[in-house]
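These are the residues of each chain, in order.
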Amino acid sequence: MAKQLTAMSDLYAAFAKFPELSALVDLMGTRADAIDGFNRDSAGNDDIGKTYHKNADAPTQILHSLIKGVRNTLNSAGTSGQHAAALFDNANEDANSVV
């Protein structure tokens, strides 16, 4: 059993970067939306366009879902990390007041 549990001194700073990463992923999603719109408009509704949509629409939806999932995971990890850092700080303060 561990005698002491410690947190990195820069734990808050490390998790503070997660919203910035999430914003970058959001930008990827915006760009993917723009590319998707361009492709949808350019493909048309003729046989070639229908073939394109048959092959591209499902993977495009998967890409959008993946981007959304990564963004949500980053947001969740950032929030949870900030809470964990606060718990470590509170535990440290409690331990110092007892000793």
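This report concerns the structure included in the present document. Keep in mind it's a predicted model, so treat the numbers as computed, not measured. (Residues numbered from 1 in each chain as written. Predicted model: local features only at pLDDT ≥ 70, side-chain atom pairs only at ≥ 80, totals over all residues. Heavy atoms only, no water.)

### Structural notes on the overall build of the protein chain
Along the protein chain, the regular secondary structure elements total three helices and zero strands. Listing each helix as α and each strand as β along the protein chain from the N terminus yields α-α-α. Here the C-alpha radius of gyration of the protein chain, 22 Å, is well above what a compact globule of 99 residues would show, namely 13 Å. The principal-axis extents of the C-alpha atoms in the protein chain amount to approximately 80 × 25 × 15 Å. Across the 99 residues in the protein chain, those meeting the buried criterion constitute 18%. Partitioning the contacts of the protein chain with sequence separation of at least 6, the portion at a separation of at least 24 is 81%. (Helix = DSSP H or I, 4+ residues; strand = E, 2+ residues; numbered from the N terminus. Rg over C-alpha atoms; globule rule 2.2 N^0.38 Å. Buried < 20%, exposed > 50% of the residue type's maximum accessible area, 1.4 Å probe, protein only. Contact = heavy atoms within 4.5 Å.)

### Thoughts on the packing of helix α2 (residues 18-43) against helix α3 (residues 47-98)
Direction vectors running N to C along α2 and α3 enclose 170°, while the axes themselves pass 9 Å from each other. Classified by the interaxial angle, the pair formed by α2 and α3 is roughly antiparallel. Here the residues of the contact of α2 with α3 sort into twelve nonpolar, nine polar and five charged. (Axes fitted to C-alpha atoms, helices over the stretch in contact; angles between N-to-C directions. Parallel < 35°, antiparallel > 145°, perpendicular 65-115°, else oblique. Nonpolar A, V, L, I, M, F, W, Y, C, P; charged D, E, K, R; others polar.)

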